[in-house]
Amino acid sequence: MSEAKKVDALPKVTDLRSALAVLSQYEDELIYTDEPVDPIAELSGVYRYVGANGTVQRPTRVGPAMIFNKIKGYDDMRVLIGLLSSRKRVARLFGTTPEKLAFMLKDSVSTPIAPIVIPREKAACQEVVHLATDPDFDILKLLPAPTNTPEDAGPYFTLGMAYAADPETGEHDVTIHRLCVQGKDEISMYFVPGRHLDVFRQKAEAAGKALPISISIGVDPAIEIGACFEPPTTPLGFDELSIAGSLRGQAVELVDCISVKARGIANAEVVIEGELVPNYRVREDQNTNTGKAMPEFPGYTGDAQAEVPVIKVKAITHRRHPILQTCIGPSDEHTNMAGIPTEASILQMVERALPGFVQNVHCPSPGTGKYLAVLQVKKRTAQDEGRQKQAALLAFSAFSELKHVMLVDEDVDIFDLSDVMWAMTTRYQGDVSTTFIPGVRCHPLDPSSDPAFSSSIRGHGIACKAIFDCTVPYSLKKNFQRSQFLEVDVNRFIPGFNQ
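Just so it is clear, the structure is predicted and the values come from calculations on it, not from any experiment. (Residues numbered from 1 in each chain as written. Predicted model: local features only at pLDDT ≥ 70, side-chain atom pairs only at ≥ 80, totals over all residues. Heavy atoms only, no water.)

Engineer: Residue-level account of the nonpolar core, with values.
Structural biologist: In this structure, L80 and I265 are the most contacted members of the largest nonpolar core, which totals 51 residues. Here this core gets five residues from one element, more than from any other, and that element is helix α2 (residues 16–23). Grouped together as the second largest cluster of nonpolar side chains are 40 residues, V56, M77, V79 and L179 included. (Core = buried A, V, L, I, M, F, W, Y, C linked by side-chain atoms within 4.5 Å. Buried < 20%, exposed > 50% of the residue type's maximum accessible area, 1.4 Å probe, protein only. Helix = DSSP H or I, 4+ residues; strand = E, 2+ residues; numbered from the N terminus.)

Here's what the structure looks like:
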């Protein structure tokens, strides 16, 4: 069966389990193991070899998603890792091709479908309820939060959809943060400056109030991807769950939490309910004293934060026979969740200003999904010369954490980094093709963005952004034509060959 026909025949994805049903139709997308695994470092250690890829320590590779059916210390809990760690797999889950993902997400931002609230009796996520008032309540007795490495600050939930409301306006936002289990009913929550939920938290704290919050784990991949959009594409008050609704053509279903005034994702595998406590901070590694947090997307282990806000957990609800979902911080799972929305945001911005000029955008794995974007442009007339750098500046505006932009012509395959490097080798001269933009705020997890790395950097998180123009000047295009080969039907010679 052809890929297109297979996509038409696949079940509709509405939650994690239907997503797994789609992947089970392919031979190379999902594997299981019944070998008992320790969630503390061992689980991630296995998947590093199987399919993490990204900026993970070598050797690693692109591979299938993996479900561990037996978790040491837990009788009725499975763990899924790597669901989105292949761009091809993401495309299959969304019923499209890897090259069209960014366009699909761009369109979804323009056609949002707001979430809806359903009755509790219809919410799969509340089939089993554990209240923190139970004297035996303990987060780690209920949920096998993994660590990525032996030196992590503690067990982390890495794929929790944090959902809360602005205490002043009632507007909702969903984002993903690193969540470290600190005690039987406490989870620390690290905020990169500027995140919308942190704005909500600060408003509540200023009023001396706790911020009710839910953490939904194991959800429809559209929610996980949609949650990674950032300003200006999704400004404060924009509920990214409406992007997921548009992607699926069906509103995301929410349910009122049992123990706090918040809402969880109704078909999630697990929902943690709680409150961000005002004026209460803990040291992130208070239980281990490693000085480390966990491996972050750039490929390095981040430092433990000296003071992080705390969620006081009030309840944990879950489906029967739940599947806890996790990821490795520097894996391609992060690259795809962060990078594809970034591509969509750049496309949206440049199309408004330069219609038809940028053909596609790719935020590749080596660039972590956040730091590098490759823009494919098409110079149609002499008047387009110079617009490629304008497109790069627009990309920086669309995504403030972007550090480098590479510009290539329309004949370069931006999803093949060998082709991108060929363009840089034959269509780029360092002294005239590079534009430096020093002293710009970037991302605090880039270890090179620090005064210790370069005296030109004023403070941590400030970077020198750069544009690498690997395009041919319009006046010279005739001198840079790739060799043209005869078009042939390879199936005549190799029956069934997939061109």
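Next comes the rest of the description.
Engineer: An account of the environment of N336 is needed here, citing residue identities and associated values.
Structural biologist: When you line up the elements, N336 lands in helix α10 (residues 332–353). Residue classification places N336 among the buried positions, given a relative accessible area of 6%. Distance in space between the C-alpha atoms of N336 and G274 is 29 Å, their sequence separation being 62 residues. In this view, N336 contacts L84, S85, S86, R87, V90, I225 and P341; residues no more than four positions away in its chain are not counted. There is a polar contact of 2.7 Å between the side chain of N336 and the backbone oxygen of L84. (Contact = heavy atoms within 4.5 Å. Polar contact = N/O pair within 3.5 Å; in protein donor to acceptor, adjacent residues only side chain to side chain.)

Engineer: Give me the lowdown on the UniProt feature "domain: 3-octaprenyl-4-hydroxybenzoate carboxy-lyase-like N-terminal" (unreviewed entry) in the chain, citing residues and values where you can.
Structural biologist: Residues given the UniProt feature "domain: 3-octaprenyl-4-hydroxybenzoate carboxy-lyase-like N-terminal" (unreviewed entry) here are residues 27–101. Helix makes up 27% of residues 27–101 and strand 16%, with an end-to-end C-alpha separation of 22 Å. (UniProt positions renumbered as here; feature names shortened; annotations may be inferred.)

Engineer: Any chance you could break down a nonpolar patch on the surface for me, citing the residues and the numbers?
Structural biologist: Taken together, the side chains of V129, L131 and I258 present a nonpolar region at the surface, about 210 Å² in accessible area. With respect to the element layout, I258 can be found in the loop between β12 (253–256) and β13 (263–265). (Patch = residues over 30% accessible without salt bridge, like charges linked within 9 Å, V, L, I, M, F, W, Y side chains within 5 Å. Areas by Shrake-Rupley, 256 points an atom, 1.4 Å probe, with all protein chains shown as cover. Salt bridge = Lys/Arg side-chain N within 4 Å of Asp/Glu carboxyl O.)

Engineer: Give a detailed account of the state of the cysteines, specifying residues and quantitative values.
Structural biologist: Here the structure, examined in full by the defined rule, presents zero disulfides. Here C125 is not disulfide-linked; the sulfur of C257 is the nearest cysteine sulfur, at 7.7 Å. (Disulfide = S-S within 2.5 Å.)

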